[in-house]
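# Coordinates in review
Residues per chain, in single letters:
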Amino acid sequence: MFEKALKGNNNYWMWLGFLGTFMAIGAICYIRQFNYGLGLTGMSRDVSWGLYISNFTFLVGVAAGGVMLVLPYYVHNYKVFGRITILGEFLAIAALTMCLMFIIADLGQPIRALNVLLHPTPNSMLFWDMIVLNGYLFLNIICGWVILTAERKQVKPPKWVYIFVYISIPFAISIHTVTAMLYCGLPGRHFWLSAIIAPRFLASAFAAGPALIVFVSLILKRVAHFDAGREATNKMVTIILYAALINAFFVMLEFFVGYYSQIPGHMHTLQYLFFGLEHHGHVYNNLVPFMWGFVVLTLTGFTLLAIPYTRRNDFWLAIGSAALFIGLWLDKGIGFVLGGFVPSPLEEITEYYPTFNEIMITIAVWCTGFFILTVLYKIAVGVEHEVEA
Amino acid sequence: MDKKRREFLKIAGISTLAGLGAPAVVDRLVSGVSPLAARAAVEVQPGGHGAESQAPAEHGAEVVPTGKQYGMVIDVRKFIAQPGLADECIKACNVSHNIPQFPDPKDEIKWIWLTGHENAFPDNSQYHLSETMENNQVLVLCNHCANPPCVRACPTKATFKDKNGIVAMDYHRCIGCRFCMAACPYGSRSFNWRDPRDPQGGLDMNNLNRLFPTRMRGVVEKCNFCVERLGRGEEPACVAATGGSKAMVFGDLNDPDSEIRQVLKQNYTVQRKPSLGTKPSVFYII
């Protein structure tokens, strides 16, 4: 089926060329980092994880979000999603590839990465994360490819593949749960030490993943004559709205626990993220604009998706889902991970500013993901058109 | 007939495998310690910190097979009485372990260092501290916890409890994921953001301590209680630097006759963030 990705119009090739350019720049930046060490990033002793791990965390959610299409279709036999479940599965493949690239980019000794397999350590959450992420990637490749092949031949998919489809549903939940457990089981990091992290991650994932699918499906409608269908889009919007609402609810619960209990450790990071934290006469607030960006974009996106008039208009629907996606990225892909390191265990404040090299690598990983996504969606849409013709 | 026999062998084989494998798996998952250590915990039953010697091991504490747990008492009063002594300790450590001193704090590597009283003990009351305490700097280092979160977090066992209860590092196995740095509630771990042998780090390559390796970039490091010196029968470098002042006392916390246990018995001591259940092995006399 790969041949479908090799035939496209000028716009298709220009888009891939655009992504490829950034991928090439990022590759050069990564070689620089590989040769010098992670000192080329803005990370430090106090903020020991930066853009790589924060984007990784967010993208695990995007990958898990695809299950919001798979579950209704395969478990509840919701036929309307039939055309678009493949978009969810292929999105998961692209997102997981980005996750793995971010992990490799973040390792101090990437050539030793396989030590995680050579010396398996079940008490480390990173070990389990490695298992579920690779497992979910494998499941989505199998399911997506086999089901698409069957569709092309216009036969029913083989029975055995459904086993993998059903396994993939709890796996989707598990990838984000285990990713949350990377954070929420660490003593002394008050902001992360909250049992609500895993559900909050899932809620934001089930909004962000489908929001991206709605956005991309609107683009596909324009550039590839692929229509997800009004009913399917509306149902996805409903899922997005509830998930975003639950995420916002969870964030507010964190505020209540912190500010009502008045326990300093529970307030510090929230204070730092949203209002700026005063320490020895200096107010540290470099993440404040991002967090209010999250609030504004979430409210904007939510409103545009909730009002029937704007929801029915493709333009406003696209703006709304993009706003929500970016808003949720600011929350989880920026604030959550970076904020957790402030204040440090010794109650000092070090602010993190990513370097140019680091930002280019991050952009390149995103471009690689969108490159893979474009190629996969090209194949899926091509098959769809072939079947219809 | 033949078929039945085959079925039987299959089932028997699978059950045997399950029977052999399950206890090992359960052991690991439940306690997070190796079966060997778990057995040792049952047999030896040494006391946890502060407990009487015959008391059973405290829950959650990982007890190493030898039953030893090296620890340290830092007498802050003696450091106040002898200004400059703490810097001697830090210097001794830096020289002993070939620790580079990068000018940019972003690249910083620290094994033992001075920090404010309220930074070392953020959970303790800082309300109207005595003037001495308010301006006082305290030595901090890895606590070599009896229940270390960093060891739990490490995905490759590159950091582990060694046979003396020391939280040790394998620099050749570490993949540099820095999960241990996020897990440590004491900020005791440093990462080699760049080549530690770089001239900017100020290491004199012709004048290194040949008894301890330099590290490479991309791995985590921290205080190792001078495990290499202990192996040669010497005291940790910082303890040696305090001379006979007893500002630092080092020894086996699980040995009721050790000097450190006598010091703990005779003085009121505090640990850093004891509420987190990590059971730190470094104690402070304030």
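Parameters at a glance
- Residues numbered from 1 in each chain as written.
- Chains lettered and ligands numbered in written order.
- Predicted model: local features only at pLDDT ≥ 70, side-chain atom pairs only at ≥ 80, totals over all residues.
- Helix = DSSP H or I, 4+ residues; strand = E, 2+ residues; numbered from the N terminus.
- Rg over C-alpha atoms; globule rule 2.2 N^0.38 Å.
- Buried ≥ 20, exposed ≤ 12 C-beta atoms within 10 Å, placed from the backbone.
- Contact = placed C-beta atoms within 7 Å.
- Pairing = 2+ DSSP bridges.
- Axes fitted to C-alpha atoms, helices over the stretch in contact; angles between N-to-C directions.
- Expected span 1.5 Å × (residues − 1).
- Core = buried A, V, L, I, M, F, W, Y, C linked by C-beta atoms within 7 Å.
- Nonpolar A, V, L, I, M, F, W, Y, C, P; charged D, E, K, R; others polar.

Here we take up the overall build of chain A. Across its full length, chain A holds 14 helices and two strands. A compact globule built from 389 residues would reach a C-alpha radius of gyration of about 21 Å, and chain A, at 21 Å, matches this within 12%. In terms of overall dimensions, chain A has C-alpha extents of about 70 × 50 × 40 Å along its principal axes. Burial status across chain A gives 50% buried among its 389 residues.

Below, the discussion takes up the overall build of chain B. The number of helices and strands found in chain B is eleven helices and nine strands. Expressed as a percentage of its 286 residues, the buried residues of chain B come to 44%. The long-range share in chain B, meaning contacts at least 24 apart out of those at least 6 apart in sequence, stands at 65%.

Next up on the list: the sheet that holds strand S8 (residues 248–252) of chain B. Residues and elements named next belong to chain B. Within the open sheet, the three strands sit side by side as S8-S1-S9. Their pairing is mixed. What marks the edges here is a single partner per strand, and that holds for S8 and strand S9 (282–285). The sheet shows a mean angle of 20° between the axes of neighbouring strands, taken without regard to direction. The sheet contact formed by strand S1 (residues 70–75) and S8 spans five bridges and is antiparallel. The residue bridging Ile74 from the neighbouring strand is Met248, located in S8. Those strands touched by helix H11 (residues 259–266) are S1, S8 and S9, and its axis lies near 120° from that of S8.

Residues and elements named next belong to chain A. For His266, the location among the structural elements is in helix H10 (residues 264–274). Residue classification places His266 among the buried residues on the basis of 20 C-beta atoms within 10 Å. Residues His266 and Leu193, 73 residues apart in the sequence, show an inter-C-alpha distance of 9.1 Å. The residues contacting His266, other than those within four sequence positions of it, are His190, Val257, Gly258 and Ser261.

All names here are of chain A. For helix H1 (residues 10–36), spanning 27 residues, the distance from its first C-alpha to its last is 39 Å, which sits close to the expected 39 Å at 1.5 Å a residue. Turning to H1, its buried residues number three or more, namely Leu19, Gly26, Cys29, Tyr30 and Gln33. Lining the buried residues of H1 we find helix H4 (85–106) and helix H14 (356–388). Positive backbone phi, at 115°, marks Gly37, one or two positions downstream of H1.

Glancing now at H10(A). Residue and element names in this part refer to chain A. Every buried residue of H10 is accounted for by His266, His268, Thr269, Leu270, Tyr272 and Leu273. In this structure, the buried side of H10 is in contact with helix H9 (230–261), strand S1 (277–279), strand S2 (282–284), helix H11 (288–306) and helix H13 (314–339). Taken from the residues just after H10, Gly276 is the one with a positive phi, measuring 95°.

On to the nonpolar core. Residue and element names in this part refer to chain A. Among the nonpolar cores identified, the biggest contains 190 residues, and Ala63, Cys99, Tyr136 and Ile240 are the most heavily contacted of them. No other element matches helix H8 (residues 197–224), which puts 16 residues into this core. Non-local contacts of Cys99, meaning those with residues more than four positions away in its chain, are made with Phe56, Leu59, Val60, Ala63 and Leu133.

With that out of the way, let us pick up the interface of chain B and chain A. Taken together, the contacts link 45 residues of chain B with 31 residues of chain A. Contributions of two or more residues to the side of chain B that touches chain A are made by helix H1 (2–31), helix H5 (117–120), helix H7 (149–153), helix H8 (179–183) and strand S6 (190–191) of chain B. Of the residues that constitute the side of chain B that touches chain A, the class distribution is 21 nonpolar, eleven polar and 13 charged.

The omega angle of the peptide bond from Val342(A) to Pro343(A) is -5°, so this bond is cis rather than trans. Mapping Pro343(A) onto the fold places it in the loop between H13 and H14. At Asn77(A), a position not held by glycine, the phi torsion is positive, near 55°. Summarising the element assignment, Asn77(A) is placed in the loop between helix H3 (67–74) and H4. Despite not being glycine, Lys157(B) has its phi angle at roughly 60°, a positive value. Assignment of secondary structure puts Lys157(B) in the loop between H7 and strand S4 (159–161).

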